[in-house]
Amino acid sequence: LMEKRLGKSLVSIRWAISTGAKRILIVAPLSAIPDWMGELAADNQYITNCTRPEDLDSFVRMFPTILSREFAITNSQALFSPSARAASGKPSPKPIALLDWDAVIWDESTSLKTPTSQTVKVAHACLGNVRYKAILSGEYAPEGPEDIFEQMNWCFGSFMGHRKFWPWRDAYFVQHGYEWHPKMGSMKKIKEAVMENCYILSRKDAGVGEKKTNEKRYCDLPEKFRKIYDHCEKFYELPAGAVSDDMIKYRNTGSPLQDLDSAVVRFTKYAPVLHSWLAQLAGGYPKRFPDLRSDHKMALLEGIVCDELPDEPLV
């Protein structure tokens, strides 16, 4: 439980190696996977990106033959197919969640904080019996001390003598209206339990203070805008958002663009103009094309601010 930019990734990689584990799974947010790939490559470790279906299929097939140390990385959503009934439904695990892993590293473990979530159900059912498990988080209880239970419960099999969230909450919290608050002395006991089981490091204790750090994050274009982007890159033409699917269909079948009476199409024959369009599409807020706006980057930024850095002053 180390604050941002203090080396959680490298510490957990070396920890996994120290256990002697051969087949190691890393579960991380999509936006953090490129950094993980770079960290493992810099440490000369073999890594497979299992977020790509073609790589995942080949990895699952060769998994039984792995004899030397190998890391695989994926995101939590790729572990299962969700049930339509969010709280009461049973998710369907995917093959990667059912493999016989030696060790699992769960990055940004606050994705495990909700006891009724399908992610938690899959984590316990499929990865709960893995011998070596680690959770990583810079802010492990963003909404209150209740957030810590399921993270610790998955990692250690129990927390403060409890295997289920509800009895633990009844023992250490009291309800006032719709909210639960720690009983007298409970916060001290919870903090002591966390400190007994975890390695905790703040930037202040590490001597880093409030030094500015630069960190890259990555996200994918939404499917619709990815199609528009690819089409633009190939044909030097930019369809309007409202008719893009029809236009791409016509293009792929060889039909003339004149058949699309309602289409709004922007053309160019210059590569610099094309690259400007592509950069604007990737940014999500193209100046000249308000019909092609997307908030994918803002959604990622909101997640970082609200989930990872909820208590920090930010500009």
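Residues numbered from 1 in each chain as written. Predicted model: local features only at pLDDT ≥ 70, side-chain atom pairs only at ≥ 80, totals over all residues. Heavy atoms only, no water.

Novice: I'd like a description of the sheet that holds strand S7 (residues 132–136), backed by residues and values.
Specialist: Strand order in the open sheet formed by five strands is S2-S3-S1-S6-S7, with parallel pairing between adjacent strands. Each edge of the open sheet is held by one strand with a lone partner, namely strand S2 (47–49) and S7. Here the average twist between neighbouring strands, direction ignored, is 15°. Pairing analysis gives four bridges linking strand S1 (residues 23–27) to strand S6 (residues 103–107), with the strands arranged parallel. The residue of S6 that forms the bridge with Ile-24 is Ala-103. Running at roughly 160° to S7, helix H5 (residues 148–156) makes contact with S6 and S7 of the sheet. (Pairing = 2+ DSSP bridges. Helix = DSSP H or I, 4+ residues; strand = E, 2+ residues; numbered from the N terminus. Axes fitted to C-alpha atoms, helices over the stretch in contact; angles between N-to-C directions. Contact = heavy atoms within 4.5 Å.)

Novice: Can you lay out the environment of Asp-295 for me, pointing to particular residues and giving the numbers?
Specialist: Looking at where Asp-295 falls in the secondary structure, it is placed in the loop between helix H11 (271–283) and helix H12 (296–308). For Asp-295 and Pro-222, which are 73 residues apart along the polypeptide, the C-alpha to C-alpha distance reads 9.2 Å.

Novice: Please provide a residue-by-residue account of the nonpolar core, values included.
Specialist: Among the nonpolar cores identified, the biggest contains 40 residues, and Leu-25, Leu-79, Trp-101, Trp-106, Leu-127, Trp-154 and Trp-168 are the most heavily contacted of them. The set of elements that each furnish at least two residues to this core consists of S1, helix H3 (53–62), S6, helix H4 (118–127), H5, helix H6 (165–172) and helix H7 (186–197). Setting aside anything within four residues of it in sequence, one finds Leu-79 in contact with Leu-25, Val-27, Thr-74, Pro-93, Lys-94, Ile-96, Ala-97, Trp-106, Val-122 and Leu-127. Ala-21, Ile-24, Ile-26 and Ile-33 belong to the second largest nonpolar core, which has 16 residues in total. (Core = buried A, V, L, I, M, F, W, Y, C linked by side-chain atoms within 4.5 Å. Buried < 20%, exposed > 50% of the residue type's maximum accessible area, 1.4 Å probe, protein only.)

Novice: A description of the pattern of salt bridges should follow, citing residues and the corresponding values.
Specialist: Any two side chains of opposite charge can pair, on the condition that their charged atoms come close. Here the structure, examined in full by the defined rule, presents six salt bridges. We note a salt bridge from Glu-143 to Lys-113, for which the minimum N-O separation is 3.5 Å. Taken together, the residues Glu-143 in the loop between S7 and H5 and Lys-113 in the loop between S6 and H4 connect sequence positions 30 residues apart. By relative accessible area, Lys-113 is classed as buried at 18%. The partner of Arg-266 in a salt bridge is Asp-291, with the nearest N and O atoms 3.3 Å apart. Of the two residues, Arg-266 is situated in strand S11 (residues 265–267) and Asp-291 in the loop between H11 and H12; the sequence distance between them amounts to 25 residues. Given a relative accessible area of 15%, Arg-266 falls into the buried group. (Salt bridge = Lys/Arg side-chain N within 4 Å of Asp/Glu carboxyl O.)

Novice: For the side chain of Ser-31, give the residues involved together with the corresponding values.
Specialist: Counting through the fold element by element, Ser-31 comes out in the loop between S1 and helix H2 (33–42). Residues contacting Ser-31, with those up to four places away along its chain left out, are Arg-217, Tyr-218 and Leu-300.

Novice: Tell me about a nonpolar patch on the surface, and please be specific about residues and values.
Specialist: A surface patch of nonpolar side chains, about 450 Å² in accessible area, is lined by Tyr-285, Met-298, Leu-301, Val-305 and Leu-314. By the secondary structure assignment, Leu-314 is in the segment after H12. For Leu-314, a relative accessible area of 44% puts it in the partly exposed group. (Patch = residues over 30% accessible without salt bridge, like charges linked within 9 Å, V, L, I, M, F, W, Y side chains within 5 Å. Areas by Shrake-Rupley, 256 points an atom, 1.4 Å probe, with all protein chains shown as cover.)

Novice: Run through H2, naming residues and quoting values.
Specialist: In an α-helix, one full turn covers 3.6 residues, which means residues spaced three or four apart are oriented alike. Every buried residue of H2 is listed here: Ile-33, Trp-36 and Leu-40. The arc that holds the buried residues of H2, viewed along the axis, is 55°, so those residues lie on one side. As for H2, its buried residues are in contact with helix H1 (8–18), S1, S2, strand S3 (70–74), S6 and S7. Looking one or two places after H2, you find Asn-44, whose phi comes out positive at around 60°. (Arc of directions from axis to C-beta.)

Novice: Any details on unusual backbone geometry? Residues and values, ideally.
Specialist: Phi angles above zero are rare outside glycine, and Asn-44 is one such case at about 60°. Residue class for Asn-44 comes out exposed when judged on its relative accessible area of 71%. Phi is positive for Tyr-236, close to 60°, though the residue is something other than glycine. Positionally, Tyr-236 belongs in the loop between helix H9 (223–235) and strand S10 (237–239).

Novice: How would you summarise H1 if you had to cite specific residues and measurements?
Specialist: What H1 keeps buried is the set Lys-8, Ser-12, Ile-13 and Ala-16. For H1, the buried positions fall inside an angular range of 130° around the axis, keeping them on one side. Among the structural elements, S1, H2, S3, S6 and S7 are those in contact with the buried residues of H1. In the segment just after H1, Gly-20 is the residue with positive phi, at about 85°.

Novice: Just give me the short version of the packing of aromatic side chains, but keep the residues and values in it.
Specialist: The full count for this structure, using the stated rule, is 13 aromatic pairs. Centroid distance Phe-165 to Trp-166: 4.9 Å. Interplanar angle 80°. Geometry classified as edge-to-face. Under the relative-accessibility criterion, Trp-166 is labelled partly exposed at 43%. Summarising the aromatic geometry, the rings of Trp-277 and Phe-289 are spaced 5.6 Å apart at their centres and angled 85° between planes, so their arrangement reads as edge-to-face. (Phe/Tyr/Trp six-rings, centres within 6.5 Å; stacked < 30°, edge-to-face > 60°.)

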